[in-house]
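Here's the letter readout for the chains.
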Amino acid sequence: MREETNWAGNYRYRAISLHCPETVAQVQELVAGSRRVKALGARHSFNSIADTTETLVSLARFDRITALDATRRTVTVEAGVRYGQLGQYLHSQGYALHNLASLPHISVAGACATATHGSGDGNGNLATAVAALKMVTAAGEVVALFRERDGETFLGAVVGLGGLGIVTELTLDIAPTFAVRQDVYENLPLAQLEAHFEEIVSSAYSVSLFTNWRDAKFNQVWRKRRVTDDALNSDAASDPPEREWFGAVRAARPLHPIGDLPAENATPQLGIPGPWHERLPHFRMEFMPSSGEELQTEYLLPRRHALAALRALHELRDHITPLLQISEVRTVAGDALWMSPCYGQACVAVHFTWKKDWAAVARLLPKIETALAPFEARPHWGKLFTMPPSQLQSRYERLPDFQRLLRRYDPQGKFRNEFLDTYLYGSDV
């Protein structure tokens, strides 16, 4: 196999072969004939979670939207469909998803398998929209699981970390389409966030706070608010919000989350309303984000610990800022998916976009993880972290149930790899 890397270029896959099947039957044949096999999506994971020592199966050609059920309010897609593509289609049909991540370029199956999320007090991560899925198990059989029929098994399988089989199809809940306006505020004092945290993070459908940790402030706050349906046909912003808001000032120009970068690939701001799929992400679908010059880390922790955790991170600012491009803080609703970092609890997510210097970042992460240890932080499954396996395992109360589910669908460990062996079964030795 020629050298293959992930999106950022920081990870080189070690598999000996890469296949791009076009049909489920071809996936079944590949799985049945392999000793070790993993699915590969849009390659937006920064670690080895999607790698294997033998057969990689790319789902890039599983890119069709196969059904829209207006009665059940669901859409069925193949696993390789990307959210930007799906958003455009759903909006054209009068529908929407409840949430989107920062990038519309990620694949549906990969995002759901790792509990990737958007933002919003009332918005669960992307996996919470899954109503059904189909996967090819280790024996090469196709298994279908349904939320309404399969109960706890379904809740364990949705965030499957690629360990149960190769997901080929998902059915997602949808709702009527809606419009969103996006307003950005600059320089929110940390003291204001501490005094008004609940009011600030609940002030819009989705709220993102960006900081470089240099000073006691958040450089930008992105507020994404739902507006009336007729705003979709408006060319101008509706009534502008207040110019000053909790000590922050409304931006007079579009901004990139990293303030000194051009804003052309960011989604429209300045309060101009538009369809949900063109505002909920931070970046436009038509602009592929730059690759190769960043690393990412993210921790999700119980919402009740948010302010204490932010204070602890601020104390590390002299260590963080030399390696940082930008950091983002968001809220995410709790869910019932066993291996989701938001299982059983509303969360605050703290994301770090690092400069591409893994050696230095790897030295820093243990300091961050030690600072966050009292707050029960769980790392994002697809990002970079150094948390000891025993500590990570202790944060997932349904891990024993998930291990049993893995043995049920993959008794020989065909879909296991170094990542899963380490973090689901390994010790700190």
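Refer to the preceding data block for the structure.
Every value quoted in this text rests on a predicted model; they were computed, and no experiment measured them.

**Let's talk about the overall build of the protein chain**
- Helix and strand counts for the protein chain stand at 11 helices and 20 strands.
- Over its C-alpha trace the protein chain gives a radius of gyration of 21 Å, about what one expects of a compact globule, namely 22 Å for 429 residues.
- If you line up the protein chain on its principal axes, its C-alpha atoms span 60 × 50 × 40 Å.
- Relative to its 429 residues, the protein chain shows a buried fraction of 60%.
- Put simply, of all contacts in the protein chain between residues at least 6 apart along the chain, 73% involve residues at least 24 apart.
- When the accessible area of the protein chain is evaluated, it comes to approximately 17100 Å², of which 48% is carbon and sulfur surface.
- When the 45 positive and 48 negative side-chain charges of the protein chain are each reduced to one mean point, those points stand 2 Å apart.

**Notes on the pairing of strand β8 (residues 142-146)**
- Side-chain alternation along β8 places Val 143 and Leu 145 on a buried face and Val 142, Ala 144 and Phe 146 on a face that remains uncovered.
- Bridge count between strand β7 (residues 130-136) and β8: 5 bridges; the pairing is antiparallel. For Lys 134, the partnering residue across the bridge sits in β8 and is Ala 144.

**Details of the sheet that holds strand β5 (residues 74-78)**
- With antiparallel pairing, 5 strands are arranged side by side in an open sheet as β4-β5-β9-β7-β8. Whereas interior strands pair on both sides, the edge strands pair on one side only; in this sheet they are β4 (65-69) and β8. Put simply, the sheet's adjacent strands are angled 15° from each other on average, direction ignored.
- Here β7 runs beside strand β9 (residues 166-173); their pairing, made up of 6 bridges, is antiparallel. Within the sheet, the bridge partner assigned to Met 135 lies in β9 and is Val 167.

**Details of the environment of Thr 321**
- Inspection of the secondary structure assignment puts Thr 321 in the loop between α7 (317-320) and β18 (324-332).
- Judged by relative accessible area, Thr 321 falls into the buried class, the value being 15%.
- A sequence separation of 110 residues divides Thr 321 from Thr 211, and the C-alpha atoms of the two residues are 9.9 Å apart.
- At a separation of 2.9 Å, a polar atom in the side chain of Thr 321 contacts the main-chain carbonyl oxygen of Arg 317.

**Thoughts on the packing of aromatic side chains**
- Summed over all chains, the structure comprises 14 aromatic pairs.
- Aromatic side chains Phe 385 and Phe 419 sit 6.2 Å apart centroid to centroid with 80° between the ring planes, which places their arrangement in the edge-to-face category. With Phe 385 in the loop between β20 (378-379) and α9 (389-394) and Phe 419 in helix α11 (residues 418-425), this pair connects stretches of sequence that are 34 residues apart. Comparing Phe 385 with Phe 419 shows no difference in burial state: the two are buried.

**Section: the environment of Arg 14**
- Take Arg 14: it is sitting in the segment before β1 (17-19).
- Each C-alpha atom of the pair Arg 14 and Glu 4 lies 8.3 Å from the other, and the pair is 10 residues apart in sequence.
- Apart from residues no more than four positions distant in its own chain, Arg 14 is found in contact with Asp 51, Thr 52, Thr 53 and Glu 418.
- Looking at Arg 14, its side chain comes within polar contact range of the side chain of Glu 418, at 2.6 Å.

**Considering the environment of Ala 50**
- Checked against the element boundaries, Ala 50 lands in the loop between β2 (37-40) and β3 (55-58).
- Take Ala 50: its relative accessible area is 16%, and that puts it in the buried class.
- C-alpha of Ala 50 to C-alpha of Val 37: the two residues are 13 residues apart in sequence and 9.4 Å apart in space.
- The contact partners of Ala 50, leaving out residues within four places of it in the chain, are Lys 38, Ala 39, Leu 40, Leu 56 and Asn 417.

**Concerning the pattern of salt bridges**
- For the structure on display, the rule yields 25 salt bridges.
- Arg 14 is paired through a salt bridge with Glu 418; the nearest N and O atoms lie 2.6 Å apart. Of this pair, Arg 14 sits in the segment before β1 while Glu 418 is found in helix α11, placing the two residues 404 residues apart along the sequence.
- Taking the shortest distance from any N to any O, the salt bridge between Arg 147 and Asp 173 comes out at 2.8 Å. Separated by 26 residues along the polypeptide, Arg 147 in helix α4 (residues 147-157) and Asp 173 in strand β9 bring together distant segments of the chain.
- Given a relative accessible area of 33%, Arg 147 falls into the partly exposed group.
- The network of salt bridges with common partners includes Glu 152, Arg 398, Asp 401 and Arg 404.

Definitions and limits used
Residues numbered from 1 in each chain as written. Predicted model: local features only at pLDDT ≥ 70, side-chain atom pairs only at ≥ 80, totals over all residues. Heavy atoms only, no water. Helix = DSSP H or I, 4+ residues; strand = E, 2+ residues; numbered from the N terminus. Rg over C-alpha atoms; globule rule 2.2 N^0.38 Å. Buried < 20%, exposed > 50% of the residue type's maximum accessible area, 1.4 Å probe, protein only. Contact = heavy atoms within 4.5 Å. Areas by Shrake-Rupley, 256 points an atom, 1.4 Å probe, with all protein chains shown as cover. Lys, Arg positive; Asp, Glu negative; His and termini not counted. Charge placed at Lys NZ, Arg CZ, Asp CG, Glu CD. Pairing = 2+ DSSP bridges. Axes fitted to C-alpha atoms, helices over the stretch in contact; angles between N-to-C directions. Polar contact = N/O pair within 3.5 Å; in protein donor to acceptor, adjacent residues only side chain to side chain. Phe/Tyr/Trp six-rings, centres within 6.5 Å; stacked < 30°, edge-to-face > 60°. Salt bridge = Lys/Arg side-chain N within 4 Å of Asp/Glu carboxyl O.

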